[in-house]
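Residue-level structure breakdown
The lines below spell out each chain.
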Amino acid sequence: MTSYLIQGAAPLGGEPTDLLLTDGVIAAIGPDATGAAPTGTRTVDAHGLVALPGLVDLHTHLREPGREDAETVWSGTRAAALGGFTAVHAMANTYPVADTAGVVEQVWRLGREAGWADVHPVGAVTVGLAGEQLAELGAMAASQARVRVFSDDGHCVWDPVLMRRALEYVKAFDGVIAQHAQEPRLTEGAQMNEGVVSAELGLTGWPAVAEESVIARDVLLAEHVGSRVHICHLSTAGSVEIVRWAKARGIDVTAEVTPHHLLLTDELARTYDPVYKVNPPLRTAEDVRALRAALADGTIDIVATDHAPHPVEDKDCEWADAAFGMTGLETALSVVVETMVEPGLLDWAGVAQVLSTRPARIGRVESHGRPLAVGEPANLTLVDPAARVVVDGAQQATTSRNTPFQGRTLPGRVVATFLRGRATVLDAQPVADHVPGGTR
């Protein structure tokens, strides 16, 4: 394995230093790094760059098996590496659904074969995501994939008895239920956020209470059974207050916000461009302000992409017929820089917390989200904070093109990504020979 001497990087935005990556770990930091470099070490000029622990996404849709026209594990994790991610959690809404040990092991193996980022499958809570019968939670947890996060994302576990049983079941192996909080009866036919804009456009509204009521129920269920619950893609100011109350009460709840909910609002629905159609919907400017403040104060624990690729025909159509979802792996860090770092709401150490350390902890991924310290796994990313990049979906690595940031200029650029000391991205380009077999 090639060793890398990273010269002049600023860990978490601090004082510049040198880091030596060899044998899969951070072997030395500081003045000793150069002298400890073995023969053949490759030097990376990182002056002006910020070093972060490799990013971890708790909410990624890789679509394989079954929808390879939208994304594959290979293409999705390549996009993840370009976005600075070294680990992703692949959601269960594949075809077949990842509700058995066999399917989650298939996804896990595909990730290992691709080699761009570690893939941790998320197991379905219910068989076929149908909300009627618990899936093989224990078998998935005991499989080679060692599943610890379970979600019917795309569907709410709406039955309170079934949700309680799931919360009780996963306690045996320290798992977590990640809830897609959407009361189905309150969102039948919903197309966008319920509010002034939906009324003016004549589109069926998606009320905030449809999310908030489920979160309120589930944090109380988690308290009752003494289990962990995680709230996917929290999107309203009211949801923030419920999670804040629950945490103050000592309930074991965590929550995520997506990059698009930190930046975009329901005003974009006025364009009728289906690229802005997403579940949960884009909310109001007031909600966006509340989400940013909650991420800054720790009420919302992490940023997760909810990367949801779709083929052109599923998005290039009328709004009502379009699929819900947006891509996000390659732009997530830049959106966090724009919405949280540049306004002074988070520093780079805070970015590491919300995009690496906490997601790894919630997902029980031990080798990621670790400190940039000697002896730790060499999973890290180098970011140019001064760069400004115009988003071009046609140039992205993801198979699909449904980015909501097309044409926007975003701050920050991932220059390099290292997975266990192996470069997957250098000079902002994927490294073709990072795995045996080279390009695909």
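Residues numbered from 1 in each chain as written. Predicted model: local features only at pLDDT ≥ 70, side-chain atom pairs only at ≥ 80, totals over all residues. Heavy atoms only, no water.

This part covers the side chain of Glu 105. As for its position among the elements, Glu 105 is in helix α3 (residues 101–114). Owing to a relative accessible area of 17%, Glu 105 belongs among the buried residues under this scheme. For Glu 105, the residues in contact, after removing those within four places along its chain, are Ser 143, Gln 144 and Ala 145. (Helix = DSSP H or I, 4+ residues; strand = E, 2+ residues; numbered from the N terminus. Buried < 20%, exposed > 50% of the residue type's maximum accessible area, 1.4 Å probe, protein only. Contact = heavy atoms within 4.5 Å.)

Read from one edge of the open sheet, five strands run β9-β10-β13-β14-β15, paired in parallel fashion. At either end of the open sheet lies a strand with only one pairing partner, and these are β9 (149–150) and β15 (302–303). Against the sheet, helix α5 (residues 160–170) touches β9, β10 (176–179) and β13 (229–231), its axis set at about 145 degrees to β10. (Pairing = 2+ DSSP bridges. Axes fitted to C-alpha atoms, helices over the stretch in contact; angles between N-to-C directions.)

As a further point, take the pattern of salt bridges. All chains considered together, the criterion is met by 18 salt bridges. Salt-bridge contacts for Asp 297 lead to Arg 244; the nearest nitrogen and oxygen are separated by 2.8 Å. Here Asp 297 is found in helix α10 (residues 285–297), whereas its partner Arg 244 is found in helix α8 (residues 237–248), with 53 residues between them in sequence. Judged by its relative accessible area of 29%, Arg 244 falls in the partly exposed class. One network of salt bridges, with partners in common, ties together Arg 67, Asp 69 and Asp 314. (Salt bridge = Lys/Arg side-chain N within 4 Å of Asp/Glu carboxyl O.)

Time to look at the packing of helix α12 (residues 332–341) against helix α13 (residues 348–362). Where α12 contacts α13, the axes come no closer than 11 Å and their chain directions differ by 130 degrees. Here α12 lies oblique to α13, going by the angle between them. Considering only the axes of α12 and α13, their crossing is right-handed. Across the interface between the two elements, Leu 333, Val 336, Val 337 and Val 341 from α12 touch Trp 348, Val 351 and Leu 355 from α13. (Parallel < 35°, antiparallel > 145°, perpendicular 65-115°, else oblique. Left-handed = near helix turned anticlockwise from the far one by under 90°.)

Burial along strand β5 (residues 50–53) is two-sided: Val 50 and Leu 52 facing one way and Ala 51 and Pro 53 facing the other are all buried. Pairing of strand β1 (residues 4–11) with β5, which is carried by two bridges, proceeds in the parallel orientation. When the sheet's bridge partners are listed, Ala 10 is paired in β5 with Val 50. Where β5 and strand β16 (residues 380–390) come together, four bridges link them in antiparallel fashion. Paired with Leu 52 across the bridge in β16 is Thr 381.

A few words now on helix α2 (residues 73–82). In terms of residue burial, α2 counts as a mostly covered element, since nine of its 10 residues are buried. Buried within α2 are the following residues: Val 73, Trp 74, Ser 75, Gly 76, Thr 77, Ala 79, Ala 80, Ala 81 and Leu 82. Looking at the residues trailing α2, positive phi occurs at Gly 84, about 95 degrees.

Once that is clear, we can look at the packing of aromatic side chains. A complete count under the given rule lists five aromatic pairs for this structure. Measuring from centroid to centroid gives 5.2 Å for Tyr 4 and Phe 418, while their planes differ by 65 degrees, and the two rings are edge-to-face. Remark: Phe 418 occurs in strand β17 (residues 409–419) and Tyr 4 occurs in strand β1; sequence separation between them is 414 residues. Taken as a pair, Tyr 4 and Phe 418 share a single burial class, namely buried. When the centroid spacing of 5.8 Å and the interplanar angle of 75 degrees are considered together, the rings of Trp 206 and Phe 324 count as edge-to-face. Linking Trp 206 in strand β12 (residues 205–206) with Phe 324 in the loop between α11 (312–315) and α12, this pair joins segments that are 118 residues apart in sequence. What makes Trp 206 buried here is its relative accessible area of 3%. Taking relative accessible area as the criterion, Phe 324 reaches 30% and is therefore assigned partly exposed. (Phe/Tyr/Trp six-rings, centres within 6.5 Å; stacked < 30°, edge-to-face > 60°.)

Glancing now at the packing of helix α7 (residues 208–225) against α8. It is at 9 Å that the axes of α7 and α8 come closest, and there the two elements cross at 10 degrees. In terms of orientation, α7 and α8 fall into the roughly parallel class. Contact residues: α7 offers Glu 211, Glu 212, Ile 215, Ala 216, Val 219 and Leu 220, while α8 offers Gly 238, Ser 239, Ile 242, Val 243, Trp 245 and Ala 246. Here the residues of the contact of α7 with α8 sort into eight nonpolar, two polar and two charged. (Nonpolar A, V, L, I, M, F, W, Y, C, P; charged D, E, K, R; others polar.)

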